[in-house]
Amino acid sequence: MAETHVLFVEDDDVIREATTLALERDGFKVTAVADGLSGLEAFRAEQPDLALLDVMVPGLDGVSLCRRIRDESTVPVIMLSARADSIDIVLGLEAGADDYVTKPFDGAVLVARIRAVLRRFGHASSGDEPAEAALLSFGDIEIDPEGLEVTRGGERLALTPTEMRLLLEFSAAPGAVLSRDRLLERVWDYEWGGDTRVVDVHVQRLRVKIGQDRIETVRGFGYKLRA
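Residues numbered from 1 in each chain as written. Predicted model: local features only at pLDDT ≥ 70, side-chain atom pairs only at ≥ 80, totals over all residues. Heavy atoms only, no water.

## Some remarks on helix α8 (residues 197-210)
Given a rise of 1.5 Å per residue, 14 residues ought to cover 20 Å, and the 20 Å separating the end C-alpha atoms of α8 matches this to within 8%. For α8, the set of buried residues is V198, V199, V201, H202, V203, R205, L206, R207 and I210. Following α8 by one or two positions, G211 adopts a phi angle in the positive range, close to 115°. (Helix = DSSP H or I, 4+ residues; strand = E, 2+ residues; numbered from the N terminus. Expected span 1.5 Å × (residues − 1). Buried < 20%, exposed > 50% of the residue type's maximum accessible area, 1.4 Å probe, protein only.)

Shown next, in the form of structure tokens:
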């Protein structure tokens, strides 16, 4: 089996070298660069399986780099930030990141988050892949759970792996209210709980693609897909 290739963009030499070594020990192939422009060049040249981007890097900051990557690819993206400020987190997620990790971070936690994101993308078995199923239709939305394709009004939608997993969770229980905690556990593999802002931002991104009125907010409880 080929090594999973991670692009790591981090300007702190100590963090870049230590994290690269830790990832390599866990079996990842790592391309590490110190600035955003080099990161964009490496992404285009090497086509990694996942991008790990620090928010504050010179040349092209991590959020802007994430947007550039999203313009070209649905490859999983995890943001790193030295601050847990809402603005950093939300900007990264709105730019298209699948997850974020705040510094300082434990190497084992980072690896677990990387593997969780990769499971959504199909690089590793998750043990709870959707069962064989027929096409699902909700208004002008049609979902192929086996082919992992979604169309709206006959036009194919470009969903990220996380957006696809989120939509599959909603489509498996149309009309049922799904709590943020359940979605964190099922989509992000956060069995211990996590930051519900991840869910909220991804729901907003999904609404833009499938229609603002397709997913309803149930205040105090969570979200549901309109059947």
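## Side note on the pairing of strand β7 (residues 141-144)
Burial along β7 is one-sided: the residues I141 and I143 are buried and none of E142 and D144 is. Here strand β6 (residues 136-138) pairs with β7 via three bridges, running antiparallel. Looking at β7, one finds that F138 is bridged to I141. Connecting the antiparallel pair β7 and strand β8 (residues 149-152) is a turn made up of four residues, with L148 showing a positive phi of about 55°. (Pairing = 2+ DSSP bridges.)

## Looking at the side chain of S171
Checked against the element boundaries, S171 lands in helix α6 (residues 161-172). In this structure S171 comes out as buried when scored by relative accessible area, which is 6%. Polar side-chain contacts of S171 include one of 3.0 Å to the backbone oxygen of L168. Beyond its immediate stretch of four places on either side in the chain, S171 contacts L136, F138, I143 and L225. (Polar contact = N/O pair within 3.5 Å; in protein donor to acceptor, adjacent residues only side chain to side chain. Contact = heavy atoms within 4.5 Å.)

## Quick notes on unusual backbone geometry
A cis amide bond, omega -10°, links K103 with the succeeding residue P104. Within the secondary structure, P104 is located in the loop between β5 (99-102) and α5 (107-121). Here the phi dihedral of Q47 falls at roughly 50°; this positive angle occurs in a residue that is not glycine. For Q47, the location among the structural elements is in the loop between α2 (36-46) and β3 (50-54). One non-glycine residue with positive phi stands out, namely L148, at about 55°. Within the secondary structure, L148 sits in the loop between β7 and β8.

## Looking at the side chain of R70
Examined against the element boundaries, R70 turns out to sit in helix α3 (residues 62-72). Overall, the relative accessible area of 17% leaves R70 in the buried class. In terms of polar contacts, R70 uses its side chain to reach the side chain of D98, at 3.0 Å. Every residue in contact with R70, bar those within four places of it in the chain, is listed here: V75, P76, V77, A95, G96, D98 and T160.

## Structural notes on the nonpolar core
Residues L53, M79 and F170 are the most contacted members of the largest nonpolar core, which totals 49 residues. For this core, the element with the most residues is α8, which contributes six residues. If sequence neighbours within four positions are ignored, M79 has contacts with L53, V55, G62, V63, C66, G92, A97, D99, Y100 and V101. (Core = buried A, V, L, I, M, F, W, Y, C linked by side-chain atoms within 4.5 Å.)

## What about the sheet that holds strand β12 (residues 222-225)?
In a beta sheet, neighbouring strands are held together by backbone hydrogen bonds and run either parallel or antiparallel to one another. Taking strand neighbours across the sheet as the criterion, the three strands line up as β10-β12-β11 in an open arrangement whose pairing is antiparallel. Only two strands of the sheet have a single neighbouring strand rather than two, namely β10 (178-179) and β11 (215-218). Of the pairings in the sheet, the one linking β10 to β12 comprises two bridges and is antiparallel in character. Of the residues in β12, the one forming a bridge with S179 is G222. Its contacts with the sheet place α6 against β10, β11 and β12, and it is angled at close to 70° to β12. Here α8 sits on the sheet in contact with β11 and β12, set at roughly 145° to β11. (Axes fitted to C-alpha atoms, helices over the stretch in contact; angles between N-to-C directions.)

## Here we look at the packing of α6 against helix α7 (residues 180-187)
In contact at an axis separation of 10 Å, α6 and α7 are set at 125° when each is read in the N-to-C sense. Judged on the interaxial angle alone, α7 and α6 are oblique. Regarding α6 and α7, the two cross each other, and that crossing is right-handed. Contacts from T162, R165, L166, E169 and F170 of α6 reach α7 at R182, L183, R186 and V187. When its residues are assigned to classes, the contact of α6 with α7 shows four nonpolar, one polar and four charged. (Parallel < 35°, antiparallel > 145°, perpendicular 65-115°, else oblique. Left-handed = near helix turned anticlockwise from the far one by under 90°. Nonpolar A, V, L, I, M, F, W, Y, C, P; charged D, E, K, R; others polar.)

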